[in-house]
Amino acid sequence: VQLQACGGGLVQAGGSLRLSCAASGFTFDDYAMGWFRQAPGKEREFVAAIRRGGDSKSYADSVKGRFTISRDNAKNTVYLHMSSLKPEDTAVYFCAACYFSAVWPRTRPSDYDYWGQGTQVTVSS
C-alpha cells in the first residue's frame, strides 16, 4: 500500500496550491479519502474528506470556502485545491484512506487505515 502526496511548497498569503495524492496497492474505489495537516507542536487535524464515489465531501470549518477536495477514481488520485491561503495553513499535509463505512464524515485520524508520507505547505505573510 502506498499513498504518495505531492504538490506542497512555499506560497505567499492569498495564493493557491494543489496537492495530489496517488494511491496504489489497494482498491481505491472502496475507500473514502481524507486530507489532514499537522503544524509544529500541534496535533494532526482534519482538513477535508470525500466519499468513495465523490458524491459527498466534508470540510473543517477553518478551510470551508477556500479548499476543495476531489478525486479521480480512474487515476487512483485524490486532490486538494487550496486557495486564499493564510499563514495559519502552514503545516505538513497528509492524505489518508478510510475503508468503506456507513458513518460519515470520518474526521478522526484513527478512522483512517492508510497514510501517506506528507507534503510541506508553507504560507508566508
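All values reported here derive from a predicted model rather than from experimental measurement. (Residues numbered from 1 in each chain as written. Predicted model: local features only at pLDDT ≥ 70, side-chain atom pairs only at ≥ 80, totals over all residues. Heavy atoms only, no water.)

### A closer look at the overall build of the protein chain
Then, number 1: Looking only at helices and strands, the protein chain has 0 helices and 11 strands in total.
Then, number 2: In the protein chain, the succession of helices and strands from N to C terminus is β-β-β-β-β-β-β-β-β-β-β.
Then, number 3: In terms of overall dimensions, the protein chain is globule-like: its C-alpha atoms have a radius of gyration of 13 Å, near the 14 Å expected for 125 residues.
Then, number 4: Along the first, second and third principal axes, the C-alpha set of the protein chain runs to 40 × 25 × 25 Å.
Then, number 5: Classification of the 125 residues of the protein chain by burial places 43% in the buried group. (Helix = DSSP H or I, 4+ residues; strand = E, 2+ residues; numbered from the N terminus. Rg over C-alpha atoms; globule rule 2.2 N^0.38 Å. Buried < 20%, exposed > 50% of the residue type's maximum accessible area, 1.4 Å probe, protein only.)

### Re the side chain of R37
Then, number 1: Positionally, R37 belongs in strand β4 (residues 31-38).
Then, number 2: At 2.6 Å, the side chain of R37 and the side chain of E45 are in polar contact.
Then, number 3: A polar atom in the side chain of R37 sits 2.9 Å from the side chain of D89. (Polar contact = N/O pair within 3.5 Å; in protein donor to acceptor, adjacent residues only side chain to side chain.)

### Quick word on the environment of V11
Then, number 1: Its place among the elements puts V11 in strand β2 (residues 9-12).
Then, number 2: Between the C-alpha atoms of V11 and V123, which are 112 residues apart in sequence, the distance is 5.0 Å.
Then, number 3: Apart from residues no more than four positions distant in its own chain, V11 is found in contact with S16, L17, L85, T122, V123 and S124. (Contact = heavy atoms within 4.5 Å.)

### Thoughts on the pairing of strand β11 (residues 119-124)
Then, number 1: Side-chain alternation along β11 places T119, V121 and V123 on a buried face and Q120, T122 and S124 on a face that remains uncovered.
Then, number 2: When strand β9 (residues 91-99) meets β11, the two strands line up antiparallel, connected through 3 bridges. Residue pairing for β11: V92 is matched across the bridge by Q120. (Pairing = 2+ DSSP bridges.)

### Some points on the side chain of S58
Then, number 1: Along the chain, the position of S58 falls in strand β6 (residues 57-59).
Then, number 2: Under the relative-accessibility criterion, S58 is labelled buried at 12%.
Then, number 3: When residues no more than four places from it in sequence are discounted, the contact partners of S58 are F46, V47, A48, A49, W104 and P105.

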